[in-house]
Amino acid sequence: MADNRVALITGAGRGIGAQIALTLAAEHTDIAVVDYSEQAAAQETLDALAAAGVTARYYKCDVSDFSATKATVDQIVKDFGKIDILVNNAGITADKLIMRMEEADWDRVLSINLKGCFNMVKHVTPYMMRKRYGRIVSISSVVGMMGNAGQANYAASKAGIIGLTKTVAKEFGSRNITANAVAPGFIKTAMTDALTEEQKQAMYKLIPLGCLGETKDIANAVKFLVSDDARYITGVVLKVDGGMYI
Ligand code: NAD
């Protein structure tokens, strides 16, 4: 148990983040779940992590808040002794055509999706540098590479994550810290479940593999990027999209 790695995963209360947490827990990784919803919303995930036999703790924190993220990171290091892995997964959408998009829609999405990653990288890397070890994975989106009508704020934030990731890879490589991004396409979540069969069929036509991805497809990509098998991989954007964007 003492040798377990420790992963800080943002937005791990549910969805893709929760699946990443469970997948890393199966690899004997202790998990710090960072999410801004109430702990009750993440209880199912926390129970599943405990059942997997790892130490898991919940930290209520808004990733867009610079000082709150510093306090949270410091507390996690106090509780776990270190942070080996950072997964920047927390993200939101506020979709509107630019014509209708308000300044607040832009600011909120950019501050959670992009500044949230900066905040975490800023506060976690000093600890990683001391240990001369770190694995950082940030969840971008193929939309950050393709653009998407109605998602100017989201697409810009996800493209920004790619620039941030490549810069982190260059600044921290000499300290044995890798930084990579995973860019999901359409993933089966509550959001995509709500689509009509007709909408789904239209979506499948855009995807060479002809189906939606699952949260475990993203989690497995993260598992690989934080593993020793990926020790010489940094600064990459791994698309996990069934070929939607080639
Ligand atoms: P989700 O909404 O189900 O989960 C997001 C989690 O992040 C929630 O638990 C939420 O409480 C938390 N969160 C949101 N804002 C936060 C903040 N400010 N501080 C802390 N926690 C916060 O979303 P998901 O579908 O699981 O997506 C996870 C990530 O994957 C996001 O970054 C999203 O943009 C990205 N992504 C998802 C898809 C998809 O098809 N679902 C596709 C491409 C990229």
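Residues numbered from 1 in each chain as written. Predicted model: local features only at pLDDT ≥ 70, side-chain atom pairs only at ≥ 80, totals over all residues. Heavy atoms only, no water.

As named in an unreviewed UniProt entry, the protein chain is 3-oxoacyl-[acyl-carrier-protein] reductase, taken from Candidatus Borkfalkia faecipullorum. Under Subunit (unreviewed entry), UniProt gives the following word-for-word description of the protein chain: "Homotetramer." Under Catalytic activity (unreviewed entry), UniProt gives the following word-for-word description of the protein chain: "a (3R)-hydroxyacyl-[ACP] + NADP(+) = a 3-oxoacyl-[ACP] + NADPH + H(+)". (UniProt positions renumbered as here; feature names shortened; annotations may be inferred.)

## So, the overall build of the protein chain
When helices and strands are counted, the protein chain shows nine helices and seven strands. By the compact-globule yardstick of 18 Å for 246 residues, the protein chain fits well, its C-alpha radius of gyration being 17 Å. Over its C-alpha atoms, taken along the principal directions, the protein chain stretches across nearly 50 × 40 × 35 Å. Restricting to contacts in the protein chain with at least 6 residues of sequence separation, those with at least 24 account for 73%. Total accessible area on the protein chain is roughly 12000 Å²; 53% of this is exposed by carbon and sulfur atoms. Once the 27 positive and 26 negative side-chain charges of the protein chain are each reduced to a mean point, those two points are 7 Å apart. (Helix = DSSP H or I, 4+ residues; strand = E, 2+ residues; numbered from the N terminus. Rg over C-alpha atoms; globule rule 2.2 N^0.38 Å. Contact = heavy atoms within 4.5 Å. Areas by Shrake-Rupley, 256 points an atom, 1.4 Å probe, with all protein chains shown as cover. Lys, Arg positive; Asp, Glu negative; His and termini not counted. Charge placed at Lys NZ, Arg CZ, Asp CG, Glu CD.)

## Quick notes on the site of the ligand
Neighbouring the ligand are 24 residues; Arg 14, Ile 16, Asp 35, Asn 89 and Tyr 154 lie closest to it. Contact between the ligand and Ile 16: an oxygen atom at 2.8 Å from a main-chain N or O atom of the residue. In this structure, an oxygen atom belonging to the ligand sits 2.7 Å away from a main-chain N or O atom of Asn 89. For the ligand, the accessible surface in isolation is 830 Å², of which the surrounding protein chains cover 89%. (Near = heavy atom within 4 Å. Polar contact = N/O pair within 3.5 Å; in protein donor to acceptor, adjacent residues only side chain to side chain.)

## Digging into the confidence of the model for the protein chain
In this model, the protein chain carries a mean pLDDT of 96, and residues with pLDDT of at least 70 account for 99%. When pLDDT is averaged over each element of the protein chain, strand S4 (residues 85–88) comes out on top at 99 and helix H7 (residues 190–193) at the bottom at 78. (pLDDT = per-residue confidence, 0-100.)

## A few points about the UniProt feature "active site" (unreviewed entry) in the protein chain
In the numbering used here, UniProt assigns the "active site" (unreviewed entry) feature to Tyr 154. Within the secondary structure, Tyr 154 sits in helix H6 (residues 152–172). Judged by relative accessible area, Tyr 154 falls into the buried class, the value being 15%. Sequence-distant contacts of Tyr 154, that is, excluding residues within four places in its chain, are made with Ile 92, Thr 93, Val 109, Asn 113, Ser 141 and Val 143. (Buried < 20%, exposed > 50% of the residue type's maximum accessible area, 1.4 Å probe, protein only.)

## A look at helix H1 (residues 15–25)
In terms of burial, H1 is largely enclosed, as eight of its 11 residues are buried. Taken together, the buried positions of H1 are occupied by Ile 16, Gly 17, Ala 18, Ile 20, Ala 21, Thr 23, Leu 24 and Ala 25. Against the buried residues of H1 lie strand S1 (5–10), strand S2 (29–35), helix H2 (43–51), S4, strand S5 (134–139) and helix H9 (215–225).

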